[in-house]
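Geometric and topological summary
Residues per chain, in single letters:
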Amino acid sequence: MDGTKHHHVIVGGSAAGIAAALAMRQHGFAGRVTVVESGGELPYERPPLSKSITGGETGFLRPIAPREAYDEHGIGLRLGTRVQALEPQHRTVTLDNGQVLHADRVLLATGVVPLTLPVPGSGLSGVVTLRDVRDARILAARLSGGGPLVVVGGGFIGLEVAAVAREAGLDVTVVEMNAQPLEGPLGPTLASRVTDLHERAGVTLRTGMSVVAFTGTDTVTGVQLSTGEVLPATTVVVGIGVRPDTTLAERAGVHCDRGIVVDQHCRTSVPWILAAGDVTNQPNPYLSGRGRIEHWDNAQKQGAVAGAVMAGVQESHTSLPYFYSEQFGRTVQMYGRPVAEDEFVLRHGETDDGFLGFWTRGGVLVAAAGMGRPRELRAARTLIERGNPVTGEALASPATDLRALARVPATR
Ligand SMILES: Cc1cc2nc3c(=O)[nH]c(=O)nc-3n(C[C@H](O)[C@H](O)[C@H](O)COP(=O)(O)OP(=O)(O)OC[C@H]3O[C@@H](n4cnc5c(N)ncnc54)[C@H](O)[C@@H]3O)c2cc1C
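Each residue is numbered by its place in its chain's sequence as written, counting from 1. Under the rules for a predicted model, residues below a pLDDT of 70 receive no local features and side-chain atom pairs below 80 are neither given nor counted, while totals for whole chains, interfaces and linings still include all residues. Only hydrogens and water are set aside; all other atoms, that is, all heavy atoms of the structure, feed into the side-chain values.

For salt bridges, the criterion is a side-chain nitrogen of Lys or Arg within 4 Å of an Asp or Glu carboxyl oxygen. Applying the stated criterion across every chain yields a total of 14 salt bridges. For the salt bridge of K51 with E160, the shortest nitrogen-to-oxygen distance reads 2.9 Å. In this pair, K51 sits in helix α2 (residues 47-51) while E160 sits in helix α6 (residues 156-167), placing the two residues 109 residues apart along the sequence. Between D342 and R361 there is a salt bridge, with its nearest N and O atoms 2.6 Å apart. Separated by 19 residues along the polypeptide, D342 in the loop between β23 (330-335) and β24 (343-348) and R361 in strand β25 (residues 355-361) bring together distant segments of the chain. Here the salt bridges do not stand alone but share partners, grouping E41, E57 and R137 into one network. Elements are defined by DSSP. Helices are runs of H or I of four residues or more, strands are runs of E of two residues or more, and each kind is numbered from the N terminus.

Now for the nonpolar core. Joining through side-chain atoms within 4.5 Å is the link that ties buried Ala, Val, Leu, Ile, Met, Phe, Trp, Tyr and Cys residues into a set, and such a set is a nonpolar core. Type-normalised accessible area, obtained with a 1.4 Å probe on protein chains alone, sets the label of each residue: buried when under 20%, exposed when over 50%, and partly exposed for intermediate values. I53, L139, L149 and L186 are the most contacted members of the largest nonpolar core, which has 42 residues in total. Those elements that place two or more of their residues in this core are α5 (133-144), β10 (149-152), α6, β11 (172-176), α7 (183-200), β23, β25 and β26 (364-371). In terms of residues, this core owes the most to one element, α6, which gives seven residues. The contacts of I53, once residues within four sequence positions are left out, are P48, F60, A136, L139, A140, L143 and V164. The next biggest cluster of nonpolar side chains, apart from the first, holds 27 residues, and it includes V35, A65, L107 and V309. Between two residues, a contact is recorded if the distance between any of their heavy atoms is within 4.5 Å.

On to helix α9 (residues 296-310), then. Because the α-helix completes a turn every 3.6 residues, residues three or four places apart line up on one side. Helix span is expected to be 1.5 Å times the residue number reduced by one. Spanning 15 residues, α9 covers 21 Å between terminal C-alpha atoms, matching the ideal 21 Å at 1.5 Å per step. The element α9 is extensively covered by neighbouring structure, given that twelve of its 15 residues are classed as buried. Of the residues making up α9, those classed as buried are W296, D297, N298, A299, Q302, G303, V305, A306, G307, A308, V309 and M310. Following α9 by one or two positions, G312 adopts a phi angle in the positive range, close to 95°.

Time to look at the sheet that holds strand β20 (residues 280-283). Note: strands within a sheet are paired through backbone hydrogen bonds, in either parallel or antiparallel orientation. The three strands are arranged β18-β20-β21 in an open sheet whose pairing can be described as mixed. The two strands at the open ends of the sheet, each matched to only one other strand, are β18 (260-261) and β21 (290-291). Where β18 lies against β20, two bridges are found, and the strand directions are parallel. Pairing of I260 across the sheet is with T280, part of β20. For two strands to pair, DSSP has to find at least two bridges joining them.

Attention now moves to the site of the ligand. The nearness test applies per residue and asks whether one of its heavy atoms lies within 4 Å of the molecule or strand. As a structural note, the neighbourhood of the ligand is formed by 34 residues, with S14, E37, R46, K51 and R131 the closest of them. N or O atoms closer than or at 3.5 Å make up a polar contact, with two conditions inside protein: a donor-capable atom paired with an acceptor-capable one, and, for residues adjacent in sequence, both atoms drawn from side chains. At 2.5 Å, a side-chain N or O of K51 approaches an oxygen atom of the ligand. At 2.8 Å from an oxygen atom of the ligand is found a side-chain nitrogen or oxygen belonging to D278. The protein chains shown are the only cover counted for residues, whose accessible areas, like all others here, come from Shrake-Rupley with a 1.4 Å probe. Considering the ligand on its own, with 1,000 Å² of exposed area, one finds that the protein chains cover 94% of that surface. Broken down by secondary-structure element, the contributors of at least two residues to the shell around the ligand are α1 (15-26), β2 (32-37), α2, α6, α9 and β22 (322-327). In terms of residue count, the dominant contributor to the shell around the ligand is α2 (four residues). Shared between two domains, the shell around the ligand takes at least three residues from each, and those domains are domain 1 (7-113 + 242-310) and domain 2 (116-238). Domain borders in the structure are assigned automatically or taken from a domain database.

It is worth spelling out the domain arrangement of the chain at this point. Here the domain parsing of the chain yields domain 1 (7-113 + 242-310), domain 2 (116-238) and domain 3 (338-407). In this structure, domain 1 and domain 2 have C-alpha centres spaced 30 Å apart. Counting from both sides, the interface comprises 14 residues of domain 1 and, opposite them, 15 residues of domain 2. Buried area: the accessible area, evaluated with a 1.4 Å probe, that two parts lose upon being put together, summed over both parts. Here domain 1 and domain 2 share an interface that buries about 1,300 Å² over both sides, 63% of which is from carbon and sulfur atoms. On the domain 1 side of the interface with domain 2, the three residues burying the most area are S50, I53 and T54, jointly 38% of the side's total. There are four salt bridges connecting domain 1 and domain 2. Put simply, R137 and E41 hold a salt bridge, and the shortest N to O gap is 2.9 Å. In this structure, the connection of domain 1 to domain 2 is made through seven residue pairs in polar contact (both at pLDDT 80 or more). Of all elements in the fold, only α2 and α3 (57-60) reach the threshold of two or more residues within the side of domain 1 that touches domain 2.

Sheet architecture is open: three strands sit in the order β13-β14-β15, paired in antiparallel fashion. Edge positions in the open sheet fall to β13 (211-216) and β15 (230-232), since each of these has one partner strand only. Ignoring which end each strand starts from, the neighbouring axes of this sheet average 30° apart. Pairing between strand β14 (residues 220-225) and β15: three bridges, direction antiparallel. A fitted line through C-alpha atoms serves as each axis, taken over the contacting stretch for helices, and the angle formed by two N-to-C directions is quoted from 0 to 180°.

This part is about the packing of α1 against α9. Their axes nearest at 7 Å, the elements α1 and α9 cross at an angle of 35°. Viewed along their axes, α1 and α9 form a crossing whose handedness is right-handed. Of the residues in α9, those touching α1 at A15, A16, A19, A20, A23 and M24 are W296, A299, Q300, G303, A304, G307, A308 and M310. Tallied by class, the residues present in the contact of α1 with α9 amount to eleven nonpolar, three polar and no charged. Put simply, a crossing is left-handed when the front helix is turned counterclockwise from the back one by less than a right angle, and right-handed when it is turned clockwise. Basically, the charged four are Asp, Glu, Lys and Arg, the nonpolar ten are Ala, Val, Leu, Ile, Met, Phe, Trp, Tyr, Cys and Pro, and anything else, Gly included, counts as polar.

What follows is about the environment of L117. You can see L117 is positioned in the loop between β8 (112-114) and β9 (127-128). The spatial distance from the C-alpha of L117 to the C-alpha of G289 is 30 Å, given a sequence separation of 172 residues.

Let us look at the pairing of β2. The buried fraction of β2 amounts to five of the six residues, a majority that puts the element mostly inside the structure. Two strands pair when backbone bridges link them, and strand β1 (residues 7-11) and β2 are joined in this way by five bridges, in the parallel orientation. The residue bridging V9 from the neighbouring strand is T34, located in β2. For the handedness criterion, the β-α-β arrangement of β1, α1 and β2 is classed as right-handed. Where β2 lies against strand β3 (residues 75-79), five bridges are found, and the strand directions are parallel. What sits directly across from V33, in β3, is I75. When the strands point away from the viewer, a crossover counts as right-handed if the path from the first strand over the helix to the second runs clockwise.

Following this line, the structure appears as structure tokens:
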């Protein structure tokens, strides 16, 4: 598609939105492309916000692309501007300054917003969430004043902040409702390998308990647990999950169900509107059904598919889900998303030298997670994508050459 006279508007300038804008140009769309982003910064990557929060702004604020790239590709950026409404009947996009844009196609890449804890004291200064660079600036300033830091919720973002704060010498406690952090994504065996890293580094883990209040007058001074105990805190990071930002979509009549419901081409129930990234409830051949995939890699790849589709190329988003996390100088990586019924086998994990675990379902590999085992993980990725028959015994044995298994022609 050339589409010289067309105008495509992207709401949300982050991983999915920017990937879509660049993909439109790669696929030859020659019309106008406008990205409307409520944040005021040149679009930046979010993963460094939690990993480099103690390294100063140059450490955590990393642009997705230099400013010149947007000029070079003719991508208009409307930063510090919020889209207030979409009107499919008139094909208009209303901005918060009252301006109305005509759009031939709209992409919603509005992402997610962090959940807050509805307990007394949650509005105290020093009780923060971490989603954008404004949050990062506030958190970085507080951490530079020292601890103790309490992290509520042992998910990846919370644990990454815990790790860097501990490395900077702060007293850090992680409070987790479940039996241990990361059990949901990694399962108990691999989760314990990651939490071991934290305990060895001196992070205190308080598991199986919840937070009932934050104490303090203007600024937080403590975190009250369900046991009645109060942990001292000068800063609290609440990392208990996110909700998809579906407000605009719902108002525009788009079908939403725990996210904006899209098909493999990023199309929503309203033909004028596509959606991509964390905000979508998407079908994926590697998920049991559909769901949200809140990872950088997915947002970029799905965004690129949306851009292709908007440029008139019918691509499908079918990528294997992937994420990574960095803690204490180690990288945890995972492909696929296991379910409780899958069979788990551990291949490496008895030493401090990293770990590697697999999940199988019906005689094929469906997910793999590891730390410090990049080559085997890459082979596992190919095995998952190819769907070749495997046995748990073969996967568990370090003598099995995964790359040889992965070279067998695909059966999927
Ligand atoms: C601290 C942190 C660390 C992370 N680390 C990792 C990691 O290590 N590995 C990994 O795989 N993933 C990581 N992630 C997740 C990853 O960043 C997300 O998956 C990715 O950012 C999703 O991109 P997105 O474009 O879908 O949405 P978002 O990044 O959420 O962006 C949505 C954008 O839409 C804008 N917006 C919303 N509504 C409007 C509106 N009405 N008008 C204009 N603009 C609007 C928002 O301002 C926002 O910038 C991390 C996330 C965070 C917050």
